[in-house]
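The chain contents come next:
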Amino acid sequence: MNSLQEHVNPVKKVNLLDFDRKGLAAFFVGLGEKPFRATQLMKWIYQEDVYDFDAMSNLSKSLRAYLNEHCVIATPEIVIEQVASDGTIKWAMQTHCGNRIESVFIPEDDRNTLCISSQIGCALACTFCSTAQQGFNRNLAASEIIGQLFVAQNRVSKANRITNVVFMGMGEPLLNFDNVVASVNLMMDDFAYGLSKRRVTISSSGVVPAIERLGTACDVSLAISLHAVRDELRDELVPINKKYPLNMLMDACRENAKIAPRRFITFEYVMLDGINDTLEDARGLIKLLKTVPSKLNLIPFNPFPNSSYRCSSKETILKFKTLLNDAGIITTVRKTRGEDIDAACGQLVGQVADKSRRHLKLKNAA
Ligand code: SAH
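Residues numbered from 1 in each chain as written. Predicted model: local features only at pLDDT ≥ 70, side-chain atom pairs only at ≥ 80, totals over all residues. Heavy atoms only, no water.

**Digging into the overall build of the chain**
Looking only at helices and strands, the chain features 13 helices and 14 strands. Its C-alpha atoms give the chain a radius of gyration of 21 Å, within 12% of the compact-globule value 21 Å for 366 residues. Principal-axis analysis of the C-alpha atoms gives the chain an extent of 70 × 45 × 45 Å. Among the 366 residues that make up the chain, the fraction classed as buried is 53%. Total accessible area on the chain is roughly 17,000 Å²; 51% of this is exposed by carbon and sulfur atoms. For the chain, the distance from the average position of its 44 positive side-chain charges to the average position of its 40 negative side-chain charges is 2 Å. (Helix = DSSP H or I, 4+ residues; strand = E, 2+ residues; numbered from the N terminus. Rg over C-alpha atoms; globule rule 2.2 N^0.38 Å. Buried < 20%, exposed > 50% of the residue type's maximum accessible area, 1.4 Å probe, protein only. Areas by Shrake-Rupley, 256 points an atom, 1.4 Å probe, with all protein chains shown as cover. Lys, Arg positive; Asp, Glu negative; His and termini not counted. Charge placed at Lys NZ, Arg CZ, Asp CG, Glu CD.)

**Some points on the site of the ligand**
Around the ligand, a shell composed of 22 residues is seen, among which F128, S203, S225, H227 and N302 lie nearest. The backbone of S204 places a nitrogen or oxygen atom 3.4 Å from an oxygen atom of the ligand. Between the ligand and S225, the relevant distance is 2.6 Å, taken from an oxygen atom to a side-chain nitrogen or oxygen of the residue. Relative to its unbound accessible surface of 530 Å², the ligand loses 96% to contact with the protein. Contributing elements (two or more residues each) for the shell around the ligand: β10 (200–204), β12 (265–271) and β13 (294–300). (Near = heavy atom within 4 Å. Polar contact = N/O pair within 3.5 Å; in protein donor to acceptor, adjacent residues only side chain to side chain.)

**A word on the sheet that holds strand β4 (residues 89–94)**
One open sheet holds the 10 strands; their spatial order is β3-β4-β5-β6-β9-β10-β11-β12-β13-β14, and the pairing between them is mixed. In this open sheet, the two strands that pair with only one neighbour each are β3 (77–83) and β14 (331–333). Each neighbouring strand pair of the sheet contributes to a mean axis angle of 20°, computed without reference to strand direction. Pairing of β13 with β14, which is carried by three bridges, proceeds in the parallel orientation. Bridged to N297 within β14 is T332. In this fold helix α10 (residues 246–257) packs onto β11 (221–225) and β12, with an angle of close to 140° to the strand it touches most, β12. (Pairing = 2+ DSSP bridges. Axes fitted to C-alpha atoms, helices over the stretch in contact; angles between N-to-C directions. Contact = heavy atoms within 4.5 Å.)

**Considerations on the state of the cysteines**
Enumeration according to the criterion identifies zero disulfides in this entry. In this model C122 remains outside any disulfide bridge; the closest cysteine sulfur is found in C126, 6.5 Å from its own. Take C122: its relative accessible area is 9%, and that puts it in the buried class. (Disulfide = S-S within 2.5 Å.)

**Observations regarding the packing of helix α7 (residues 177–188) against helix α8 (residues 208–217)**
Closest axis-to-axis distance for the α7/α8 pair is 12 Å, and the angle between their directions is 30°. Here α7 lies roughly parallel to α8, going by the angle between them. Seen from above, α7 lies across α8 with right-handed handedness. Of the residues in α8, those in contact with F177, D178 and V181 of α7 are A210, R213, L214 and A217. Tallied by class, residues from the contact of α7 with α8 come to five nonpolar, no polar and two charged. (Parallel < 35°, antiparallel > 145°, perpendicular 65-115°, else oblique. Left-handed = near helix turned anticlockwise from the far one by under 90°. Nonpolar A, V, L, I, M, F, W, Y, C, P; charged D, E, K, R; others polar.)

Below, the structure is given as structure tokens:
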């Protein structure tokens, strides 16, 4: 099969947002065009806000006709918008299959961050996360991932430029590797969004082989959802730990940190009252994080219906933070944003037709 046939499905049109620059160049070469058509098209789409192929004046008439017939520029659609008292905006976006995903815009004095989803639901079963309870439907296409940035940026207007993107919405990004990498490439491409690698962060629960692959695939910032420093507890909170225990995870992080000088990994640690917030946990954390260039982000637990955990007290979180900082580990406490619209970490749920039937299993177990 030649590359043109690979891309052109006679029934379904090709969504040009599914390609990063390399993919787009290959697509055009498959059509007998020059690879530079890729950057021409990207400029129209991402920089000039022109989505009508007929208006792309530097493309030949026959190429425009081809694109009209076989291609689309399609994104998920905003169906609900909620604005929190602190300015945070949460959108439910509908995908072509009818499921809904959520994205959150977080304005701050010095930056505007967009928190995006990588999957419809999540196949992992972290016990403190609301998305996990929904089960899993499917991976998002690259166009549905970059599409969230595309739609959000248009919605908040150019005056509120989105400067940072975090993969901390629904799903495990490293279990949707190729589509996440293609969308990250677009975010960091000067012909698309031109974000710096320090401003695009993939957050993972610790899919070790994918962390290793990521190191060579793209130079993006990495955050790891650690949440426990003992395998026994992490097996319970983040069950993927049973497959990739802490020693394997930390080895992969050390390797990833070697990619570039001054590179560090951000570790996320949700503060759960009486579960992972003792002095012993703090000491364990210090010992573990000393072995890799790291920063620590403590996340106050955000409750959701039927969750059995409570957030650690303010005093405990502060004590944890002070202990870690005093030991030389740069530690911050994540500000909870958009609380009044359930837009905080672990509260994104969208609307998911569960294919894993997890919600049934959970219901029966309760
Ligand atoms: N699957 C990815 C992205 C998940 S969400 C990952 O595991 O990293 C981003 C962060 O929010 C993760 O650190 C996740 O553990 C955390 N989180 C999930 N549920 C939460 C909750 N209820 N309260 C606070 N943080 C939560």
